Structure formats: C-alpha cells, structure tokens
Amino acid sequence: MFGYFKLMYPAPISEPISSRDSNAYLLETLRFSGLNLRNDFGVGRKIWRVFSFTYNMLILPISFPINYTIHLAEFPPDLLLQSLQLCLNTWCFALKFFTLVIYMPRLELANKHFDEMDAYCVKPEEKRKVRDMVAAITRLYLIFVVVYVLYATSTLLDGLFHDRVPYNTYYPMVNWRVDRTQLYIQSFLEYFTVGYAIFVATATDSYPVIYVAALRSHILLLKDRIVNLGEASNDSATDPQSTFKSLVDCIKAHRTMLNFCDAIQPIISGTIFAQFIICGSILGIVMINMVLFADQSTRFGIVTYVMAVLLQTFPLCFYCNAIVDDCNELADALFHSSWWMQDKRYQRTALQFLQKLQQPMTFTAMNIFNINLATNINVAKFAFTVYAIASGMNLDQKLQIQDTQ
C-alpha cells in the first residue's frame, strides 16, 4: 500500500521533498478508508467507501451495546471491563472519523499552507531541516501503526489463549460461546474487521500531532531567520532594502502559520475534546481491570492498549506546549535582533511584528481548555479518581460475587 518507506530517512537536497510529505502515510491511510483525496474514485472505490463509512461510523459503535443487551449476564468482570474500554474508544473513533469526513478539505488547505512555508526555506540548512522533519514525523506515524497493530495482535492471541473472542463485538450469525469452531470464526472475523478500524484509527488519532509537529518545525526555522535579521555576518545586512525584505518575509511566514492554525483548529478542537473526556474514563477502567481482575497474560495486552491510549493525547499535548514556548522565544529573538540599528521604516515594522509575536499560537478543545501538558495531567488524575471510586466501592468483590451466582 505504501511506496514511500524512503521517507523514514532524510532525503538528500537533490530530491524534491516538501513539508506535506510528512503526512503522506497518514493521507494514504485515510484514502484507503474511503476518503476521496484525489477525486479519482471509480465505482469499486465508491462501493468500498459506503461499506467503510457504514462500518466505522455505525455498525462498529453499536455492536458493543447490542452485545451487552443480549449477553450481559455471560460477561465475566475482566472481559466486561476489557470490552467496555474498547467500546468507549470506538465511539470516540467514530466521532473522529466523521469529523475528518466533514473537514477533509481543511487538511488539504493546511498542506497548501505548508507549501507556502516551504517557499521561505531557501537556504540549504533550512531545506535539510525540512527533510529531517519529514523523516522524524514519518517515524512518529509508524510508531502509531506498530503500537496499534501490536495491541490488535496481542488481544487476539490473549483471547484464543483464554478461549474467548478478542473484542466481543456482535455478529448475528455467529455465537462463539457455542463451540470452538464458532470461537475461531468470530475471533478472526473480529481481528480483520475491528483490526481494519484500528488501522484506520492510526490516522484519525495521529493527524493532530502530525500536523502540529510539522508546524513546530517551521516555527523553529522562523526563529533562526529572525535571529539572523540584520546581523553583520549576513551579506544582506549592509543593504537596507534586502534587510527590510527579510523582515517582511518573516512576517509573511508568521502570517501563513497563523492561517495554518485557523485551518486545522476546527478539526482538532472537537475531536480532542471528546478524546480528553473519554481518555480519562478509559484509563480508569484499564486500571481497575489491570489491578483487580486481569491475569498475567492479559496484562500485556492491557499495557499495549494503554500505550495506544496515551499516544492519542500525550504527543499532541507535548507539541502544543512546546509551540507556546517557541512562540515566546520568537518574540525574544526579534527583540534581541539588530532592529534598533536599522532605519525608521524597519523599526516601525519590527515593533508591530513584535506586538503580534507576543500572542502565542495555541490550540484549544472546544474553546473550553487549552491543549497542553497540564490538561493531559488532569486527564490522568481523572483516571486515578475513577479507580479510587471503584476501589472504595469494593467493585471487585461485588462483581466476583455476581459472577459466581
């Protein structure tokens, strides 16, 4: 499917590489899921799109509640908690997938802004940094793929080891509790159908951090250009017109970054808000299951699931936090540049630019709270609160008593 594994490694200057290549794998995954990114879908792909959209946004989310309604009395505590955590994540996945279906043009708009940012990277060292950024972000996306596939596979093996299905979704014509043949049939059906959704989730969960990480790289490049404004070592420093043009280019690049934030913010806002709310509940359920019910073999699958859940929030919060710090450093870099040695026109423009730089680029979740590490820590605290409530209610004893009746 992917013919771009060379993107994992920094390309030479002679090869045409742009910032939009950092999300090439991600967009190819979304295209595989049925999103028509290139307007080249034929009849076969349109049929696949209908199936993919129906399964990801309707069938999979409701299969868990249907299964609880029919077979709730047959769920042991550990299996119920394991299914419940996946159910919550599936609902959030359906919301993310629907959001990307609606806002897909904004991702292409963000890529166009990347092309505009690349136009200001004219020096060889800047082009090398763009290539390093593409390689680093490509490897970051592949980390998502490896962790998610590891979770899907480990859950399948754990289910077969304990004579149960891995995800406990509902299939009307199959009941794994009847005999081992139906157990194997439903296990592998779930592995390939839910596994498909998990593969698509690598894109729906990683797109915020992929785009935000690329933005941060361009902010750092802008900071380097601002630091070099008007320096004596710069060949254009002796030419007031060239120096002023360099300042204007920095202003235009910053304006492009703000436009990029405006393009990507509506997509991230709603999905990450839902992710924060659900992530705390999921981690709380995971802690209850791991500490009170799960055995040693099941805990490996739980650990890989925790890694997948943390990947959905922590990297994005880290990069958003770093961008705020980098924006503050942009203002400091301009203030400490040689603007005071230039003519009046340059000084007035630099002061106006300095005032604009004092407003950092921030991403918010539904305009309620900022996306940063402090918010991520509060989500973790909420998970501990869920576990503390369950532990205080002696939930393990109550569920085990009900299971034996």
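What you see is a predicted model; the values in this text were computed from it and never measured.

Draft legend 1. Representation of the packing of helix α2 (residues 43-71) against helix α3 (residues 77-118). Contact geometry for α2 and α3: axes closest at 9 Å, N-to-C directions at 155 degrees. Here α2 is positioned roughly antiparallel relative to α3, judged by the angle of their axes. You can see that α2 and α3 cross each other, and the crossing is left-handed. On α3, the residues that touch Ser52, Phe53, Asn56, Met57, Leu60, Pro61, Phe64, Pro65 and Tyr68 of α2 are Leu80, Ser83, Leu84, Leu86, Cys87, Thr90, Trp91, Phe93, Ala94, Phe97, Phe98 and Val101. Residue classes in the contact of α2 with α3 are distributed as 17 nonpolar, four polar and no charged.

Draft legend 2. Representation of the side chain of Ser206. In this fold, Ser206 is placed in helix α5 (residues 180-227). Within the structure, the side chain of Ser206 is placed 2.4 Å from the backbone oxygen of Thr202, a separation counted as a polar contact. Contacts of Ser206, omitting those with residues within four sequence positions, involve Leu26, Tyr141, Phe144 and Ala201.

Draft legend 3. Expanded view of the nonpolar core. Formed by 114 residues in total, the largest nonpolar core has its most connected members in Leu107, Leu215, Ile226, Phe363 and Ile371. Beyond its immediate chain neighbours, meaning those up to four positions away, Leu107 contacts Leu27, Leu30, Leu100, Tyr207, Tyr211, Ile264 and Ile267.

Draft legend 4. The packing of helix α4 (residues 124-161) against α5, seen in detail. Here α4 crosses α5 at 160 degrees, and the two axes come no closer than 8 Å. The angle between the axes of α4 and α5 places the two elements in the roughly antiparallel class. For the pair α4 and α5, the sense of crossing is right-handed.

Draft legend 5. Fine view of the confidence of the model for the protein chain. In this model, the protein chain carries a mean pLDDT of 85, and residues with pLDDT of at least 70 account for 91%. Ranking the elements of the protein chain by mean pLDDT puts helix α11 (residues 395-404) last, at 52, and α5 first, at 93. Across residues 401-405, where pLDDT falls below 50, the model places three contacts with residues more than four positions away in sequence or in other chains.

Draft legend 6. Expanded view of the pattern of salt bridges. Considering all chains together, one arrives at ten salt bridges under this definition. The salt bridge partner of Asp205 is Lys96, with a shortest N-O separation of 2.5 Å. Of this pair, Asp205 sits in helix α5 while Lys96 sits in helix α3; the two residues are 109 residues apart in sequence, bridging distant segments of the chain. Here Asp205 and Lys96 have matching classes, each one buried. Here Asp326 ties to Arg216 by a salt bridge, and the two come within 2.7 Å at their closest N and O atoms. Here Asp326 is found in helix α8 (residues 314-335), whereas its partner Arg216 is found in helix α5, with 110 residues between them in sequence. Classification of Asp326 by relative accessible area gives buried; the value is 5%. Taking relative accessible area as the criterion, Arg216 reaches 21% and is therefore assigned partly exposed. Where salt bridges share partners, they join Arg20, Glu108 and Asp115 into one cluster.

Draft legend 7. Region of interest: the packing of aromatic side chains. Per the counting criterion, the structure on display carries 20 aromatic pairs. With 6.4 Å between their ring centres and 25 degrees between their planes, Tyr211 and Phe260 make a pair best called stacked. Separated by 49 residues along the polypeptide, Tyr211 in helix α5 and Phe260 in helix α6 (residues 240-293) bring together distant segments of the chain. Taken as a pair, Tyr211 and Phe260 share a single burial class, namely buried. Clustering of aromatic rings is evident, with ring pairs tying together Phe32, Trp48, Phe51, Tyr55, Tyr196 and Phe199. Its end group placed over the ring of Phe244, Arg345 keeps NZ or CZ at 3.8 Å from the ring centre.

Draft legend 8. Region of the structure containing the environment of Tyr68. Note on placement: Tyr68 falls in helix α2. Residue Tyr68 is classed as buried on the basis of its relative accessible area of 14%. It is 21 Å that separates the C-alpha atoms of Tyr68 and Asp158, two residues lying 90 residues apart in sequence. With near-sequence residues (within four places) excluded, Tyr68 lies in contact with Phe75, Leu80, Ser83, Leu84 and Cys87.

Draft legend 9. How the structure looks around a nonpolar patch on the surface. A cluster of nonpolar side chains, contributed by Leu58, Ile59, Ile62, Ile66 and Ile70, occupies part of the molecular surface with about 410 Å² of accessible area. Topologically, Ile70 is positioned in helix α2. Ile70 sits in the partly exposed class, given a relative accessible area of 46%.

Draft legend 10. Summary view of the environment of Ile62. You can see Ile62 is positioned in helix α2. On the basis of relative accessible area, Ile62 is assigned to the partly exposed category, the value being 40%. Spatially, the C-alpha atom of Ile62 lies 8.8 Å from that of Cys87, the residues being 25 residues apart in sequence.

Cut-offs used in this document
- Residues numbered from 1 in each chain as written.
- Predicted model: local features only at pLDDT ≥ 70, side-chain atom pairs only at ≥ 80, totals over all residues.
- Heavy atoms only, no water.
- Axes fitted to C-alpha atoms, helices over the stretch in contact; angles between N-to-C directions.
- Helix = DSSP H or I, 4+ residues; strand = E, 2+ residues; numbered from the N terminus.
- Parallel < 35°, antiparallel > 145°, perpendicular 65-115°, else oblique.
- Left-handed = near helix turned anticlockwise from the far one by under 90°.
- Contact = heavy atoms within 4.5 Å.
- Nonpolar A, V, L, I, M, F, W, Y, C, P; charged D, E, K, R; others polar.
- Polar contact = N/O pair within 3.5 Å; in protein donor to acceptor, adjacent residues only side chain to side chain.
- Core = buried A, V, L, I, M, F, W, Y, C linked by side-chain atoms within 4.5 Å.
- Buried < 20%, exposed > 50% of the residue type's maximum accessible area, 1.4 Å probe, protein only.
- pLDDT = per-residue confidence, 0-100.
- Salt bridge = Lys/Arg side-chain N within 4 Å of Asp/Glu carboxyl O.
- Phe/Tyr/Trp six-rings, centres within 6.5 Å; stacked < 30°, edge-to-face > 60°.
- Lys NZ or Arg CZ within 6 Å of the ring centre and 35° of its normal.
- Patch = residues over 30% accessible without salt bridge, like charges linked within 9 Å, V, L, I, M, F, W, Y side chains within 5 Å.
- Areas by Shrake-Rupley, 256 points an atom, 1.4 Å probe, with all protein chains shown as cover.

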